[in-house]
Each structure stands twice: as C-alpha cells, then as structure tokens.
Amino acid sequence: MLYVLAMFGCFVAFMPLAPLILPAKIAAIGTIRGGAAQVVALSWLLIAGGCMAALGNIVAGHISDRVYARDGHRRRMIVAGLAAVIAALALLAAARGFAGLMIAVLAFQLALNCLLSPLVAMLVDHVSDRAKGMMAGWLGLALPAGSLAVALLARLPAIGTAAQIGVTGAITAALVLPLLLFWPRRLPDALALPARASLPVAAAPRDMLRNFGLAWTARLLIQFAAAAILPYLYHYVAHVVRPAGGVAAISTAVGTLSLGFTAASILGGLAIGAWSDRARRRQWVLAGSALAVAFGMAGLAALRLWPLVVAAYALFAMGLAGFLAVDGAMVAQLIAASRRRATLLGIMNLTNTLPAVLAPVITLVMIGDGGREVGGRIVLVLELATAGALIAALCAARINLPQRSGRE
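Residues numbered from 1 in each chain as written. Predicted model: local features only at pLDDT ≥ 70, side-chain atom pairs only at ≥ 80, totals over all residues. Heavy atoms only, no water.

Trainee: Now, about the overall build of the protein: what can you tell me, with residues and values included?
Mentor: Across its full length, the protein holds 16 helices and zero strands. Scored against the burial criterion, the 408 residues of the protein give a buried share of 55%. A fraction of 84% describes how many contacts in the protein between residues 6 or more apart in sequence connect residues 24 or more apart. Surface accessibility of the protein: about 16,600 Å² in total, with carbon and sulfur atoms responsible for 69%. (Helix = DSSP H or I, 4+ residues; strand = E, 2+ residues; numbered from the N terminus. Buried < 20%, exposed > 50% of the residue type's maximum accessible area, 1.4 Å probe, protein only. Contact = heavy atoms within 4.5 Å. Areas by Shrake-Rupley, 256 points an atom, 1.4 Å probe, with all protein chains shown as cover.)

Below you can see the structure in the form of structure tokens.
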C-alpha cells in the first residue's frame, strides 16, 4: 500500500498542471489574449514537455537500472526524483512570462520522470506474475487520484495559482515520503518468486514480438485519446460545452467532470482488472476497454446536454482505467526476465509521451487561427481520437495469447 500511495503522489504532481494550473498561468500573461491563442500556447508547452518526458524517462530508466543493479532497490532514485519534482514545482510557481513557463515545464517533466521511472519499475522488480494484474489495478487508481486532486483544486480557485501549486507539492510529498521512510530492509526480486503467470505468453520470439507490437500500438492510440481530452478539459468545457456563468462556471464544471472521472476510474480499474483475471482470453477484455474509450470519446464529440456529457466522460474514464490496468500487467510480464526493466519501460513509455506530443501538434494544426471556431476544431480532434480508439480495440483483439485452461 505504501507503493500504491507513492504512485498516487506521482500522479497528483502532474495531473493538475494541464487542465488547471497552466491555463491559469497562460491567461495571466498579458501578451497572450483570446481562446485560440491560449490553446496554442498550452499546446506548445505540452509538445515541449512531451519531448522532454520521452527522453527523460529513458535516461532516468537507464540510471535507475544501474542503481538497482548496485543497491538491489531504487530508493535513492525515488528520493532524488521527489526532491527534483518539488524544486520544479517551485520554479513553475515563480514563472511569469511564456519563456519562464517553458523552462519550468521542461524542468518539471525531467524531474517527474526521475520519480516516475523507478516507481513504475518496482511493479516488475518486486511483484510476482500471479499478483501483477491485481497490483496493476491498484496502481491504475493513481489516475483517478490525480483527477481528484484536480477536482479539489478546481473547487478552491480563490486561493490563487501559486497556492494551488503549493498544495500540489505538499500532497505529492505526503504520499511519496511514507514509502521512503518505511522502506523494507529487503524486498524480494520477482524473478526469485514462484512463477505462476496469470497471463501465459507465446513462447516463439516472433509471436512475442507480434503481441508486444500490437499491445504497444493499442496503448499508443488509447493514450492519444486521453491526450486529446485530459489536457484540454478546461478548453473543452469553455468552448464546446459552454456553461453559463463565466470562468467560475467553467472551473466548477471541470471539477464536476474530474470527480466523475475519479469515481468511474476507480470502478473501471478494479472491476475490469478483476474481470480480466477471471477471463479465459484477457485480450478480449482489453479490446472491450478500448471500445468503451471510443464510445466515450464519441459522446464527448457529439453530445451537448450536460448530464450526457458527464456520462460520456465517465464511460471514457472507466474504459481508460480498465485498459491501462490490463495492459500494464501484460507489459510487466513481457519484460520480467530482463535486467533492463526500467529501460524497457522507458521505451514502452513512448506510448505515453508520443501521444502527449502528437495530440497538441494535431490540435495546433486544427485550431490554427480558428478564432471563434475553437470549439469545432476541438471536436474534430475528439473525433480523430475516437477513430484511433476503435483501431486500438482491433489491435487488442488480434493479440494471439494462449487460452488459459482454468481458474488459478
């Protein structure tokens, strides 16, 4: 549970930035005026941050593997990562102009991946195959935990952006520090534990490569769908839903959607994860989760009635949490025998960082100088993400894993 809480802290550190903190910081810059200009500025920050995250996670993974080979654990790397995240948040709070924001975002992404990389690798290091599915489900709750932090901060807009960043840093430290303070003297290596994999993998290298490629592609497309809505949630509400009541109504609506995201993600991550443990063909559960993401995105693009928007966002959240939980267990098993686990996870992390760059690039192209048509352009991006999620469901269904013969 200390491990799960630490992962929660990592997600709390970054999830409030794109939907709440960065838009507020951008809006405070006098030279950036108008909805389209602010979306463009946010997109450039996300593109630069995504590129830094892609590079930073691989480098941090390599360093983390060297630390693990020497110490038998990744505690030192996590300590360094947490300290760097707190320092980067302070830099973000002090940033004023766009250049300062860019530097702060780059520093934050590098720091975040120094914390995230060793935490993710612990699933492979210390959790046996028979428990990876359940643990991945619990770790999947980090996403709604981060969304809950967004909802909390959205309900407290009067405290100011600097105070919001301070609260974010405090919660992050409070959740990560217990793992470091109460770190067990010795944690077993997963390879030394009795091997009873919950998900058998094809023995032929060609089949394994094919399955890995399909899983990688499906995850890339699902994460693109997430990157198309999560960082732009504020602008989606402002320009597509358009609630009456001005800025206060937009913040309240973002908070409501974030609370719904939290509840649906908890339900989806645990229920779909448990269902996949009992399913004879786990890949079909993965495909069904991708379809839920697709239907949720389609609803966000097409619906305008507020209760239906909330329902569509909840369906998207449920499918996303379930997909990431099941997919995370698959990937952890595929790389369990390697001593370069964190490095390989850094490569797999490209399925997170590439969409984080691709979605803002597409948004920039779509929005351009759209002016009052910002809402329509955002909808086009959501429709593109819907198509990608449908392709992800097809990729997941085509994963050719041996059928399990009975309950374990």
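Having seen it, we continue.
Trainee: Requested: an account of the pattern of salt bridges, with residues and values cited.
Mentor: One pass over the full model with this rule turns up five salt bridges. Here arginine 76 and aspartate 71 are joined by a salt bridge, their closest N and O atoms 2.9 Å apart. Taken together, the salt bridges that share partners define one network made up of Asp65, Arg74 and Asp125. (Salt bridge = Lys/Arg side-chain N within 4 Å of Asp/Glu carboxyl O.)

Trainee: Lay out the nonpolar core in plain terms, naming residues and giving numbers.
Mentor: Counting residues in hydrophobic clusters, the biggest one holds 124 residues, and the most contacted among them are Leu119, Ile229, Tyr236, Met297 and Phe316. Here this core gets 14 residues from one element, more than from any other, and that element is helix H5 (residues 98–126). (Core = buried A, V, L, I, M, F, W, Y, C linked by side-chain atoms within 4.5 Å.)

Trainee: Please give an account of unusual backbone geometry that cites residues and values.
Mentor: Of all residues except glycine, most have a negative phi; of all peptide bonds, most are trans. Unlike most non-glycine residues, arginine 242 shows phi in positive territory, near 55°. Considering the arrangement of structural elements, one finds arginine 242 in the loop between helix H10 (233–241) and helix H11 (246–278).

Trainee: Tell me about the packing of aromatic side chains, residues and numbers included.
Mentor: Taken as a whole and assessed by the stated rule, the structure comprises four aromatic pairs. With a centroid separation of 6.2 Å and an interplanar angle of 50°, the aromatic rings of phenylalanine 261 and phenylalanine 316 are classed as tilted. Highlighted residues: phenylalanine 261 in helix H11 and phenylalanine 316 in helix H13 (residues 306–334), separated in sequence by 55 residues. Each of the two residues, phenylalanine 261 as well as phenylalanine 316, counts as buried. Consider the rings of tyrosine 313 and phenylalanine 316, whose centres lie 5.8 Å apart with planes at 35°: the pair is tilted. Here tyrosine 313 pairs with phenylalanine 316, and both are found in helix H13, just three residues apart, close to one helical turn. An identical accessibility class is assigned to tyrosine 313 and phenylalanine 316; each is buried. Taken together, the ring pairs connect Phe261, Tyr313 and Phe316 into an aromatic cluster. (Phe/Tyr/Trp six-rings, centres within 6.5 Å; stacked < 30°, edge-to-face > 60°.)

Trainee: Provide a residue-level description of the side chain of aspartate 327, including the pertinent values.
Mentor: In this fold, aspartate 327 is placed in helix H13. Of the polar contacts made by the side chain of aspartate 327, one reaches the side chain of arginine 219; its length is 3.2 Å. Not counting chain neighbours up to four residues away, the residues in contact with aspartate 327 comprise Ala215, Arg219 and Leu286. (Polar contact = N/O pair within 3.5 Å; in protein donor to acceptor, adjacent residues only side chain to side chain.)

Trainee: Quick one: what's the story with the packing of helix H1 (residues 2–14) against helix H7 (residues 142–154), residue by residue and with numbers?
Mentor: Two numbers describe how H1 lies on H7: the axes approach to 8 Å, and their chain directions differ by 45°. Classed by the angle they form, the pair H1 and H7 counts as oblique. Seen from above, H1 lies across H7 with right-handed handedness. Of the residues in H7, those in contact with Met7, Phe8, Phe11 and Val12 of H1 are Ala142, Leu143, Ala145, Gly146 and Ala149. (Axes fitted to C-alpha atoms, helices over the stretch in contact; angles between N-to-C directions. Parallel < 35°, antiparallel > 145°, perpendicular 65-115°, else oblique. Left-handed = near helix turned anticlockwise from the far one by under 90°.)

Trainee: Can you tell me about a nonpolar patch on the surface, naming the residues and giving the values?
Mentor: Where nonpolar side chains cluster on the molecular surface, the patch consists of Met1, Met134, Trp138, Ile266 and Leu270 and spans about 480 Å² of accessible area. Residue position: tryptophan 138 is located in helix H6 (residues 129–139). (Patch = residues over 30% accessible without salt bridge, like charges linked within 9 Å, V, L, I, M, F, W, Y side chains within 5 Å.)

Trainee: So what's going on with the confidence of the model for the protein? Residues and values would help.
Mentor: Scored by pLDDT, the protein comes out at a mean of 83, with 88% of its residues at no less than 70. Confidence, expressed as mean pLDDT per element, reaches its minimum in the protein at helix H14 (residues 341–348) with 74 and its maximum at helix H4 (residues 75–94) with 96. Low pLDDT, under 50, characterises residues 195–203; the predicted model gives this stretch 28 contacts beyond four residues in sequence or across chains. When the criterion is pLDDT under 50, residues 404–408 qualifies, and its contacts beyond four places in sequence or with other chains add up to twelve contacts. (pLDDT = per-residue confidence, 0-100.)

Trainee: Provide a residue-level description of the environment of tyrosine 236, including the pertinent values.
Mentor: Within the secondary structure layout, tyrosine 236 lies in helix H10. With residues near it in sequence (within four places) discarded, tyrosine 236 still touches Ile229, Val241, Leu300, Leu303, Val309, Ile378 and Leu382.

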